[in-house]
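Remarks on the overall topology
Listed below are the residues making up each chain.
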Amino acid sequence: MSVLVIVGAQWGDEGKGKVVDRFAAHADVVVRFMGGNNAGHTLVVGNEKTVVHLIPAGVLHPQTICVLGNGVVIDPKVLCEEVEGLQKRGYLTDPAQLRIDERAHLILPIHRMLDQARERSLGERSLGTTGRGIGPAYEDKAARRGLRVIDLFDEKYFREGVERIVAERGLVLEKLYGGTAPTADAICEEYAVYRDRLGPYVTDTSSLVADKIAAGRRVLFEGAQAAMLDIDHGTYPFVTSSNTVAGAVGTGAGVAPRHIGRVLGISKSYTTRVGAGPFPTELEGGVGAKLREVGGEFGATTGRPRRCGWFDAVVVRQAARLSGLSGLAITKLDVLSGIHPLKIAVAYDCEGVRYDRVPSGVRSLARARPIYEELDGWDEDLGAARRVEDLPAAARRYVSRIEELIGTPVTLISVGAEREETILLRDPFLL
Ligand code: IMP
């Protein structure tokens with residue numbers, strides 16, 4: 001089977017971009033199936049850094065078709081900027097390289113305003129969203145008043161839809177949060193420009209992807225965020241507004257489940273989280289600060305410092321079960337050099353009860369105390385390792401302990417941000 005799904009196994013920012021970029025070189029199509037520009041991938045090629053938020057990380061390979069599936073929420077302003085930015089650097093010169101699904105929902109300026117106003121009004125109880133309007137856009141989708149990419153091409157329908165959204169959501173923005181809603185006229189005028197710019201990329205991507213799969217082409221599905229941010233299976237309510245587990249490929253790209261075979265999960269060699277919500281293995285100060293500094297743990301989308309902590313096998317094991325991981329990629333192993341000893345959470349103690357899975361109640365999770373196992377650290381710089389045998393024995397032991405605890409083979413180890421700074425154990429397309 002030539003279909004591979006790549007998903008985050010923690011709370012996001014695991015380095016999916018680098019892994020997708022690497023396998024996109026061997027893929028005919030890379031598809032995003034959920035989330036929006038709350039994601040952010042930093043791609044490093046040579047001395048050049050490229051950050052993409054919406055367009056799949058495969059975009060740097062000119063022969064790879066990049067698809068934004070129906071499950072993605074699209075902010076057309078951001079998408080236009082991203083397209084232009086990439087084109088200026090010589091990428092995405094052929095419009096056929098980017099395909100945007102007709103059924104994908106649009107983020108409107110009022111969604112961004114609502115997201116930010118709501119977060120401000122929640123004060124200390126805020127979720128720490130990215131403020132990009134993701135939640136309010138999915139809310140309108142579920143409320144059946146959302147506008148989709150296809151609607152841009154029916155002026156009358158689009159205008160009526162915008163008027164309805166502005167009337168309903170504007171009331172909340174103004175009366176509840178003291179904001180000022182944009183007028184329907186202003187939105188329609190702005191979005192007519194995006195319609196013209198994005199028109200050449202719009203199509204029915206579900207049938208395009210089906211045709212590619214039927215033809216035996218290599219199709220890679222690029223997840224955004226991660227298992228613990230899944231709206232159903234994550235640490236609700238501190239989650240994003242879509243499903244992030246591998247099953248979301250079915251609905252978010254219009255692909256039947258029987259086509260989904262291999263799933264590669266991505267996990268850092270430690271844990272990070274941005275935004276609010278429980279994080280059992282979080283380390284404040286000391287090792288946590290070192291991980292943030294050495295690992296460059298600041299958000300690609302918002303620049304926020306990430307919370308850092310020990311590797312949590314409970315979380316990654318749960319992610320492996322939820323997405324049926326056939327392989328695990330461990331990123332940023334190099335960041336752990338010089339930390340002694342290393343710790344891995346193998347279970348939680350929740351008020352005297354041992355938990356081998358993530359408790360469902362957010363308050364129980366907040367009170368969970370990790371049960372740690374200690375492992376020897378190492379001092380060597382790992383950046384030059386290209387084979388497992390190049391790693392110090394303690395680093396090999398650390399990786400194989402993770403493998404045992406998660407019950408999933410480690411197929412890739414990343415030892416730096418560059419494309420080449422990777423140890424590939426198995427081709428995930430062939431798992
Ligand atoms: P939203 O997706 O902007 O609504 O944010 C909801 C939660 O998901 C917040 O805690 C965000 O910090 C988190 N989040 C959203 N996207 C990402 C991501 O790409 N990486 C890490 N955290 C994310």
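Structure shown above.
Presented here is an overview of the structure given in this document.

What counts, and where the lines are drawn
- Residues numbered from 1 in each chain as written.
- Predicted model: local features only at pLDDT ≥ 70, side-chain atom pairs only at ≥ 80, totals over all residues.
- Heavy atoms only, no water.
- Near = heavy atom within 4 Å.
- Polar contact = N/O pair within 3.5 Å; in protein donor to acceptor, adjacent residues only side chain to side chain.
- Areas by Shrake-Rupley, 256 points an atom, 1.4 Å probe, with all protein chains shown as cover.
- Nonpolar A, V, L, I, M, F, W, Y, C, P; charged D, E, K, R; others polar.
- Helix = DSSP H or I, 4+ residues; strand = E, 2+ residues; numbered from the N terminus.
- Buried < 20%, exposed > 50% of the residue type's maximum accessible area, 1.4 Å probe, protein only.
- Axes fitted to C-alpha atoms, helices over the stretch in contact; angles between N-to-C directions.
- Parallel < 35°, antiparallel > 145°, perpendicular 65-115°, else oblique.
- Left-handed = near helix turned anticlockwise from the far one by under 90°.
- Contact = heavy atoms within 4.5 Å.
- Salt bridge = Lys/Arg side-chain N within 4 Å of Asp/Glu carboxyl O.
- Core = buried A, V, L, I, M, F, W, Y, C linked by side-chain atoms within 4.5 Å.

**Concerning the site of the ligand**
Within the structure, the ligand sits among 16 residues, and Asp13, Asn38, Thr130, Thr240 and Arg304 are positioned closest to it. Residue Leu127 places a main-chain N or O atom 3.5 Å away from an oxygen atom belonging to the ligand. The contact in question runs from an oxygen atom of the ligand to an N or O atom on the side chain of Thr130, over 2.6 Å. Contact with the protein chains removes 96% of the 470 Å² of surface that the ligand exposes when unbound. Here the residues of the shell around the ligand are counted per class, giving six nonpolar, eight polar and two charged.

**Concerning unusual backbone geometry**
In the segment running from Tyr236 into Pro237, the intervening peptide bond is cis, with an omega of 5 degrees. A positive phi angle, near 60 degrees, is found at Lys332, a position not held by glycine. Its identity as a non-glycine residue notwithstanding, Glu351 has a phi of 45 degrees, on the positive side. Within the secondary structure, Glu351 sits in the loop between strand E16 (342–350) and strand E17 (353–355). Accessibility expressed as a relative area gives 62% for Glu351, which makes it exposed.

**Quick notes on the packing of helix H3 (residues 109–122) against helix H5 (residues 155–176)**
Put simply, H3 and H5 touch, their axes get as near as 10 Å, and they point 20 degrees apart. Considering the angle they form, H3 stands roughly parallel to H5. Crossing angle aside, the handedness with which H3 passes H5 is left-handed. Facing Ile110, His111, Met113, Leu114 and Ala117 of H3, the residues of H5 in contact are Ile165, Val166, Arg169, Gly170, Val172 and Leu173. Grouping the amino acids of the contact of H3 with H5 by side-chain chemistry returns eight nonpolar, two polar and one charged.

**Here's the deal with the pattern of salt bridges**
Evaluation of the coordinates by the stated rule reveals 31 salt bridges. Note that Lys16 is salt-bridged to Glu14, the shortest N-O span being 2.9 Å. Across the pair, Glu14 and Lys16 agree in class, each one buried. As a salt-bridge pair, Arg401 and Glu373 come within 2.5 Å of each other at their nearest N and O atoms. Taken together, the residues span a long stretch of sequence, with Arg401 in helix H12 (residues 393–406) and Glu373 in strand E18 (residues 369–375) at a distance of 28 residues. Among the residues examined, Glu373 registers a relative accessible area of 23% and is labelled partly exposed.

**Notes on the nonpolar core**
Membership of the largest hydrophobic core comes to 78 residues, with the highest contact counts inside it found for Phe221, Leu333 and Tyr398. In terms of residue count, the dominant contributor to this core is H12 (seven residues). With sequence-adjacent residues up to four places away left out, Phe221 is seen in contact with Val3, Leu4, Val5, Ile6, Val31, Phe33, Val209, Val249, Ala253 and Val255. Judged by nonpolar contacts, the second largest core, of 57 residues, contains Ala104, Leu108, Ile187 and Phe429.

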